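The chain contents come next:
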Amino acid sequence: MEFFAWGVNHPGVAEKRSAIIREHWDFIDRYKDRLIARGPVLDPHDPSQVTGSIHIAALDDWREAKRFVHEEPFHRAGLFEHVLIRRFKLELGRTQFEFESAGDLPRFFVYCPAASGNGTGGERAADEYGAYCAGFDANFLCRGALLDDRGGWAGGIYLMEMADTDAVDAFLEGEPYLRAALYGEVQVHRWTPGGPENLNQQGELA
């Protein structure tokens, strides 16, 4: 089973986060063979500021997913205001770690929750959706469907590399599920891959 977890930071936790970042990396490293995607969510106006964390991983069941979330050092230290955990269905034939970047472009996290009453929405316009997204697969570090507790469609997420927010908006304008009003309020955040390998020489987010 695949799971998506998004922890949203309390304000003013930057120093506490920095103090335990290596403990966090050590914890996540225990799951490295099961990770699909990972990385911090960033303030769109100041990408040097972290507003949360995303992890997508293949885990045995809900019990392990909740243990993963609750034992993770940021969560144990009380950094998160809240955490969203959802079942996930990967819609790419690769993970974030197999993505080939086109260059020094910004990355984005696009959260598309299902609109109220659209729990079967993923079945509508599915062929059009698949064909449309295939045209952007070179831009996706990860994309997939969110599922509710019963396995029903609950929306989707994109982790994508695009030239700028205008390019993200242009992608969303043609996105079939959004055009069919199957999503609720779509959120666009800055994002970057996580882990020490993605820091620059100054120890900052690359």
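A few points on the structure.

Calculation notes
Residues numbered from 1 in each chain as written. Predicted model: local features only at pLDDT ≥ 70, side-chain atom pairs only at ≥ 80, totals over all residues. Heavy atoms only, no water. Patch = residues over 30% accessible without salt bridge, like charges linked within 9 Å, V, L, I, M, F, W, Y side chains within 5 Å. Areas by Shrake-Rupley, 256 points an atom, 1.4 Å probe, with all protein chains shown as cover. Salt bridge = Lys/Arg side-chain N within 4 Å of Asp/Glu carboxyl O. Lys, Arg positive; Asp, Glu negative; His and termini not counted. Charge placed at Lys NZ, Arg CZ, Asp CG, Glu CD. Helix = DSSP H or I, 4+ residues; strand = E, 2+ residues; numbered from the N terminus. Phe/Tyr/Trp six-rings, centres within 6.5 Å; stacked < 30°, edge-to-face > 60°. Buried < 20%, exposed > 50% of the residue type's maximum accessible area, 1.4 Å probe, protein only. Contact = heavy atoms within 4.5 Å.

## Some remarks on a negative patch on the surface
Argument step 1. Taken together, the side chains of D164, D166, D169 and E173 make up a negatively charged region of the molecular surface.
Argument step 2. Residue placement: E173 occurs in helix α6 (residues 165-173).

## As for the packing of aromatic side chains
Argument step 1. Using the criterion set out here, one finds 19 aromatic pairs in the structure.
Argument step 2. Residues F74 and F80 carry aromatic rings whose centres are separated by 6.4 Å and whose planes lie at 90 degrees to one another, so their mutual orientation is edge-to-face. Across the pair, F80 and F74 agree in class, each one buried.
Argument step 3. Ring centres of Y177 and Y183 lie 6.2 Å apart, and the angle between their planes is 80 degrees; this geometry places the pair in the edge-to-face category.

## Some details on the side chain of R87
Argument step 1. You can see R87 is positioned in strand β4 (residues 80-90).
Argument step 2. Buried charge without a salt bridge: R87, with D148 as the nearest opposite-charge side chain at an N-O distance of 7.2 Å.
Argument step 3. With residues near it in sequence (within four places) discarded, R87 still touches M1, E2, F3, W62, A145, L146, L147, D148 and G151.

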